[in-house]
Amino acid sequence: MATTADFKNGLCLEYNNGLYTIVEFQHVKPGKGPAFVRTKLKSLTTGKVVENTFSAGHKITTARIERRPHQFLYKDDLGYHFMDSSTFEQAVVNEDLIENTGLIKDGQEVDILYHAEEEKIIGLELPAFVELVITYTEPGIKGDTATNATKPATLETGAEIQVPLFINEGDKIKIDTRTNSYSERVKE
């Protein structure tokens, strides 16, 4: 058990018969009336973000979430197959639980989130940045630029993202997995 004083971003809690993580919270002490905590909670099962207000000192049940390192093996009609890096056991993750599936390549290291009490997979976290090679993009035309001009590019995983005009086919780029956007070109 924990109280609203223990709130921090990323804390996992049981709420309305589901698992939620705190995305944002704000402790409010109005001049008149009792203090309360305004929160934004993200459901770990559906991905929906809901707003909720807890009165200060409200008791909540925290959930224990474990992050275990896994390596991506392959994808088939059952889902995405990963191997635990320490025990070498295989785990299958449903596509619904993965954000930015187009950024996962063979051998990619990821963290799979497990609900510790039930040993159930509840999500998957990619590293903050991944490095991928561009397999196809139109050549950038010099002088055809305004500010921040971009063009579509296809990555080695088949995903398509927007990149600056100076990026060419065969370039290795760094991609931010949280926003699914180009970050920088990797020097080799």
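Quick summary incoming for the structure in this document.

Rules used throughout
Residues numbered from 1 in each chain as written. Predicted model: local features only at pLDDT ≥ 70, side-chain atom pairs only at ≥ 80, totals over all residues. Heavy atoms only, no water. Pairing = 2+ DSSP bridges. Helix = DSSP H or I, 4+ residues; strand = E, 2+ residues; numbered from the N terminus. Contact = heavy atoms within 4.5 Å. Core = buried A, V, L, I, M, F, W, Y, C linked by side-chain atoms within 4.5 Å. Buried < 20%, exposed > 50% of the residue type's maximum accessible area, 1.4 Å probe, protein only. Phe/Tyr/Trp six-rings, centres within 6.5 Å; stacked < 30°, edge-to-face > 60°. Lys NZ or Arg CZ within 6 Å of the ring centre and 35° of its normal.

What follows covers the sheet that holds strand E5 (residues 49–55). Spatial ordering of the open sheet is given by E1-E6-E2-E3-E4-E5, a layout of six strands whose pairing is antiparallel. What marks the edges here is a single partner per strand, and that holds for strand E1 (2–3) and E5.

Within the secondary structure layout, Leu-113 lies in strand E10 (residues 109–115). A sequence separation of 40 residues divides Leu-113 from Ala-153, and the C-alpha atoms of the two residues are 31 Å apart. Ignoring sequence-local partners within four residues, the contact set of Leu-113 consists of Ile-65, Glu-66, Arg-67, Lys-120, Ile-121, Ile-122, Gly-123 and Glu-125.

Ranked by internal contacts, the top residues of the largest apolar core, which has 26 residues, are Phe-82, Ile-112, Leu-124, Leu-155, Val-163, Ile-173 and Ile-175. Looking at this core, the elements that each hand over two or more residues are strand E8 (79–84), strand E9 (90–93), E10, strand E11 (120–125), strand E12 (129–137), strand E13 (150–155), strand E14 (160–164) and strand E15 (172–176). Leave out the neighbours within four places in its chain, and Val-163 touches Ile-134, Ala-149, Thr-150, Lys-151, Ala-153, Ile-173 and Tyr-182. Within the second largest apolar cluster, eleven residues are counted, among which are Ala-2, Leu-13, Tyr-15 and Val-37.

Our next topic: the packing of aromatic side chains. Counting across every chain of the model gives six aromatic pairs. Residues Tyr-15 and Phe-54 carry aromatic rings whose centres are separated by 5.9 Å and whose planes lie at 70 degrees to one another, so their mutual orientation is edge-to-face. Separated by 39 residues along the polypeptide, Tyr-15 in strand E2 (residues 12–15) and Phe-54 in strand E5 bring together distant segments of the chain. Classification of Phe-54 as buried rests on a relative accessible area of 5%. Within the aromatic cluster, the residues linked to one another by ring pairs are Phe-7, Tyr-15, Tyr-20, Phe-25 and Phe-54. Against the face of Phe-129 rests Lys-174, its NZ or CZ located 5.6 Å from the ring centre. The ring of Phe-129 is capped by Arg-178, whose NZ or CZ atom sits 5.5 Å from the centre of that ring.

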